[in-house]
Structure formats: C-alpha cells, structure tokens
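Each chain is listed here by its residues.
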Amino acid sequence: MTEFTDCLALITQVKTIIGDPRWSFTLHGPDGGAEAHRIGYRARTDGRRIASIVTAADTALELGSPKHQTVSTLLWTRHSGVVTDLIATAGRDFPDLRETPVGFAQIVMVELDDTFDPTGPNFQALLNLTNRIPGYMTRSIPGKI
C-alpha cells in the first residue's frame, strides 16, 4: 500500500529553487481566467469529456519525451499559507525553441483542507488539465508527462 505523506519539505525546496536568482524564474500571477479564455480552455461544467489526439505531423512543439529529462509531479500540503497563487516559469520562450522535443518539468503544488482526500482519482487529474485546451495533448506515464 502506498503511503500518502504531506509534501511540505519538498514544496519548501522547490520554492527555494524558484526564489534563487541563478535560475531566472519568472513569476506569473492570476489573470482572472483571461489567458484560459484566449486559448479556448474548455471547462467541464456538464460532465462531458471531449477527447483530442494531436498527431506527430500536427505537433509544432513537444515538451518532454521518454528520451529527455522530464518530470511531472503533484505536491500537496495541509499547511496553510505555504502555497501561493503563482505560476513560475524558466527556460526559453516557445518561439525561441528550435529543437523538439525539449526537456520539461511540471510541478503542481496545492494546499488541501482537512476534508480533501489526496488518494482520489480526480486529484492526480490536476496534472493533465492541458487535455482541455484545443490543440494540446498530454501523454503521460507515472512521474513523466
């Protein structure tokens, strides 16, 4: 049986890396959904699932691949005030990427209240929100996306 443990220590380490100027992270605050609306994000309000498959021929840019350094993980804590409503990015902008695929890291950090169960199937689905953006597709195996 897998034990689910509060990830406060890992979240603290990630925040230290993000705050280190040597890594040149850029922080992006909430925009009230403006960017999601601009790119056509489809919220699930009626419970329907809309499948989308992007073929290799239609792929402009592949972030991560089984052959590249890639990580995707979801860190959670019940400690209040540790997680902020920011997105941190580092690396080259998409128009500046000439080779594909490229290495990719996605770390989602969330704060849970005492009533939320992190072992539920909908919790891990947070890592695959791109499946609801037209023209984007997420391919994943445990720990990689």
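Thresholds applied
- Residues numbered from 1 in each chain as written.
- Predicted model: local features only at pLDDT ≥ 70, side-chain atom pairs only at ≥ 80, totals over all residues.
- Heavy atoms only, no water.
- pLDDT = per-residue confidence, 0-100.
- Helix = DSSP H or I, 4+ residues; strand = E, 2+ residues; numbered from the N terminus.
- Buried < 20%, exposed > 50% of the residue type's maximum accessible area, 1.4 Å probe, protein only.
- Pairing = 2+ DSSP bridges.
- Polar contact = N/O pair within 3.5 Å; in protein donor to acceptor, adjacent residues only side chain to side chain.

### Examining the confidence of the model for the protein chain
- Across the protein chain, the average pLDDT comes to 81, with 78% of residues at or above 70.
- Summarising per-element confidence for the protein chain, the mean pLDDT is lowest in helix α3 (residues 121–124) (74) and highest in helix α1 (residues 8–19) (96).

### Quick word on the pairing of strand β2 (residues 70–77)
- Burial within β2 is extensive, with six of its eight residues counted as buried.
- As defined by bridge partners, β2 adjoins strand β4 (residues 104–111) across eight bridges and the pair is classed as parallel. Residue Thr73 lies in a different strand from β4, and its bridge partner there is Ile107.

### Here's the deal with the environment of Asp117
- Within the fold, Asp117 resides in the loop between β4 and α3.
- Sequence separation of Asp117 and Phe4 is 113 residues, and the distance between their C-alpha atoms is 9.8 Å.
- Of the polar contacts made by the side chain of Asp117, one reaches the side chain of Thr119; its length is 2.6 Å.

### Some remarks on unusual backbone geometry
- A positive phi angle, near 55°, is found at Ser24, a position not held by glycine.
- Residue Ser24 is classed as exposed on the basis of its relative accessible area of 53%.

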